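Architecture and fold: a report
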Amino acid sequence: MELQQLRLFLAAAESESFTRGAERAFVSQPALSASISKLETEMGVKLFTRNKRNVVLTPAGRKLLRRAKMIVGECAKAKNELKHHDIQKSLRLGVINTLSILRVAELIEQYRRENPELKLEVIDASAAEMERLEREDRIDVALTVLSKKPRLVREFVNYQVLFSEPYVLALPVNHHLSRSSCISLEALSREPFIARSHCEHRQVMVELLKKQEIRLNVAYITNQDDRAISLVESNVGVALVPEHYSSVKMVKVPLEGQPISRTVGFEWGENGNAEEVQRFVGYAKTVPWV
């Protein structure tokens, strides 16, 4: 077993794809597949179950994952300690607060483990706060909701799309509408509603409801998505959330016509930290978001 084999194994396991894993590790997809096949032969077990959409770790693969993280992390730390850098590398990242914290935490943990020499500073922010952070030069790159036309804030003219998603209705698993193929706004108006006051498209939703002369039965207003999800799980009401949010205690149903959607990605400007920004953006593209 070689260190490079473990690095390629981690890249494939954490990105749930041999293709994205190869991009992350800067090798060809056939080279990554061959390395993992060789590792499986040496270990005498299957590490992945392959299917058309992605790859999934077997029980043996999950055991190796824990060890591989420790081994690769320790090697990276040892390498960093021997370099004796006089100047610590850093990256200031702004994250929109309507992204699943589980997805964000996974990205940060993986990147810090593979780049232990980097000081990664992360700031949560609303859409309005993100623009202020950009203007005041307090972040190098923003992971945010992209406008249809990129904003010219502090010359943040570079952008990279990560994924697009609709807003869907989150319901408790035992809700009487949970098996619906889609739900109309009229039907939504009859349900207790959890309002997310910080939603980027809240005003769009307000205008849509006004146009159709529909009034929601607002039961709770919150500016925190974890609270909104917990309230749905506890059967307090239903909520309109970005599709990538998930929980075993709730189901997601499309709105009729899917009237609202968003695109999530990175914005950054021409600054002195371009190399670190490009490296981080390239890494984040290999992470499965939806």
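Details of the structure are given in the entry above.
In this text, all values refer to a predicted model and were calculated from it rather than measured experimentally.

Our next topic: the side chain of Ser189. Mapped onto the elements, Ser189 comes out in the loop between α7 (185-188) and β7 (192-196). A polar atom in the side chain of Ser189 sits 2.5 Å from the backbone oxygen of Glu186. With residues near it in sequence (within four places) discarded, Ser189 still touches Ile214, Arg215, Leu216 and Asn217.

Quick look at the nonpolar core now. Among the nonpolar cores identified, the biggest contains 31 residues, and Leu93, Leu99, Val141, Leu143 and Phe266 are the most heavily contacted of them. Elements with a contribution of two residues or more to this core: β3 (89-96), α5 (101-114), β4 (118-125), α6 (127-135), β5 (141-145), β6 (158-172), β11 (261-268) and α10 (274-284). For this core, the element with the highest residue contribution is α10, accounting for 5 residues. Judged by nonpolar contacts, the second largest core, of 21 residues, contains Leu177, Ile183, Leu255 and Ile260.

What follows deals with the packing of aromatic side chains. Following the criterion strictly, the structure yields 5 aromatic pairs and no others. Summarising the aromatic geometry, the rings of Phe18 and Phe48 are spaced 5.4 Å apart at their centres and angled 90° between planes, so their arrangement reads as edge-to-face. Within this pair, whereas Phe18 is found in helix α2 (residues 18-25), its partner Phe48 is found in strand β1 (residues 48-50), the two being separated by 30 residues in sequence. Relative accessible area serves as the criterion here: at 3%, Phe48 is assigned to the buried category.

What counts, and at which threshold
- Residue indices begin from 1 for each chain and proceed along its sequence in written order.
- Residues qualify for local features only when their pLDDT is at least 70, as the model is predicted, and side-chain atom pairs are given and counted only at 80 or more; totals for whole chains, interfaces and linings, by contrast, use all residues.
- The side-chain figures draw on all heavy atoms in the structure; neither hydrogens nor water molecules are used.
- For helices the rule is a DSSP run of H or I covering at least 4 residues; for strands it is a run of E covering at least 2, with both sets numbered from the N terminus onward.
- We define a polar contact as two N or O atoms separated by no more than 3.5 Å, with the added condition that, inside protein, one atom must be a possible hydrogen donor and the other a possible acceptor, whereas residues neighbouring each other in sequence contribute only through side-chain atom pairs.
- Should any heavy atoms of two residues lie within 4.5 Å, those residues are considered in contact.
- Put simply, a nonpolar core is a bunch of buried Ala, Val, Leu, Ile, Met, Phe, Trp, Tyr and Cys residues held in one set by side-chain atoms that sit within 4.5 Å of each other.
- Burial classification: accessible surface area is computed with a 1.4 Å probe over protein chains only, and a residue below 20% of its type maximum counts as buried, one above 50% as exposed, and the rest as partly exposed.
- Two aromatic rings, drawn from Phe, Tyr or Trp (for Trp, its six-membered ring), form a pair once their centres lie within 6.5 Å of each other, and the interplanar angle then sorts them: stacked below 30 degrees, edge-to-face above 60, tilted otherwise.

In short, shape yes, function no, at least from these values alone.
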